[in-house]
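# Examination of the molecular architecture
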Amino acid sequence: MFDDWMQRYEHMIELGKSLPLIEEKYKTEDNLIKGCQSKVWVHAELQGEKLVFTADSDAIITKGIIAILIRAYSNQHPKDILDADTTFIDEIGLKEHLSPTRANGLVSMIKQLKMYAVAYQTQLN
């Protein structure tokens, strides 16, 4: 779809602008993802039997990264999130085009989304 990584970064930035933003009251230390160079807040809540995520970041690239993950995982049943294959990240080449600290942040974001899924799956059982 894109010829080079600059176009992909621009697209990620645009995705970040369309991110379902977390309410200010959820921008707390508890919702801050540990292991990210930038500040990234994620909030999850169960709507019916589906987990809905909202997020925000203080960095535009990071905001785009969390937007991609939220597009993939939000509005899914917690079990589906836990069973989800994350190879799409490798297939689009995202991790290899990030700095080591951003790549670690990406892993931390995925881990946190899956931890929310574990918590809510337990509630559903």
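You'll find the protein entered in an unreviewed UniProt entry as SufE family protein, with Salinimicrobium tongyeongense given as the organism. Of the comments in the UniProt record for the protein, the one headed Sequence similarities (unreviewed entry) reads "Belongs to the SufE family."

### Some thoughts on helix 5 (residues 100–124)
Along its 25 residues, helix 5 runs 36 Å from first to last C-alpha, staying within 8% of the 36 Å computed at 1.5 Å per residue. Residues of helix 5 that are buried include every one of Ala103, Gly105, Leu106, Ser108, Met109, Ile110, Leu113, Lys114, Tyr116, Ala117, Tyr120 and Gln121, and no others. Buried-residue contacts for helix 5 involve strand 1 (40–47), strand 2 (50–57), helix 2 (60–73), helix 3 (78–83) and helix 4 (87–91).

### So, the nonpolar core
By size, the foremost hydrophobic cluster in this structure holds 33 residues, and its most contacted members are Val42, Phe53, Ile66 and Leu69. Where this core is concerned, the elements lending two or more residues are helix 1 (5–17), strand 1, strand 2, helix 2 and helix 5. Apart from residues no more than four positions distant in its own chain, Ile66 is found in contact with Leu19, Val40, Val42, Ala55 and Met109.

### A few points about unusual backbone geometry
For Asn75, which is not glycine, the phi torsion reads 65° and is therefore positive. One can find Asn75 in the loop between helix 2 and helix 3. Residue classification places Asn75 among the partly exposed positions, given a relative accessible area of 46%.

### Quick word on the packing of helix 2 against helix 5
Orientation of helix 2 relative to helix 5, taken along the N-to-C sense of each, is 35°, at an axis distance of 11 Å. Once helix 2 is placed against helix 5, the crossing between them reads as right-handed. The residues of helix 5 that touch helix 2, namely those facing Ile61, Thr62, Ile65, Ile66, Leu69 and Tyr73, are Arg102, Leu106, Met109, Ile110, Leu113 and Lys114. Residues that form the contact of helix 2 with helix 5 fall into these classes: nine nonpolar, one polar and two charged.

About the criteria used
- Residues numbered from 1 in each chain as written.
- Predicted model: local features only at pLDDT ≥ 70, side-chain atom pairs only at ≥ 80, totals over all residues.
- Heavy atoms only, no water.
- UniProt positions renumbered as here; feature names shortened; annotations may be inferred.
- Helix = DSSP H or I, 4+ residues; strand = E, 2+ residues; numbered from the N terminus.
- Expected span 1.5 Å × (residues − 1).
- Buried < 20%, exposed > 50% of the residue type's maximum accessible area, 1.4 Å probe, protein only.
- Contact = heavy atoms within 4.5 Å.
- Core = buried A, V, L, I, M, F, W, Y, C linked by side-chain atoms within 4.5 Å.
- Axes fitted to C-alpha atoms, helices over the stretch in contact; angles between N-to-C directions.
- Left-handed = near helix turned anticlockwise from the far one by under 90°.
- Nonpolar A, V, L, I, M, F, W, Y, C, P; charged D, E, K, R; others polar.

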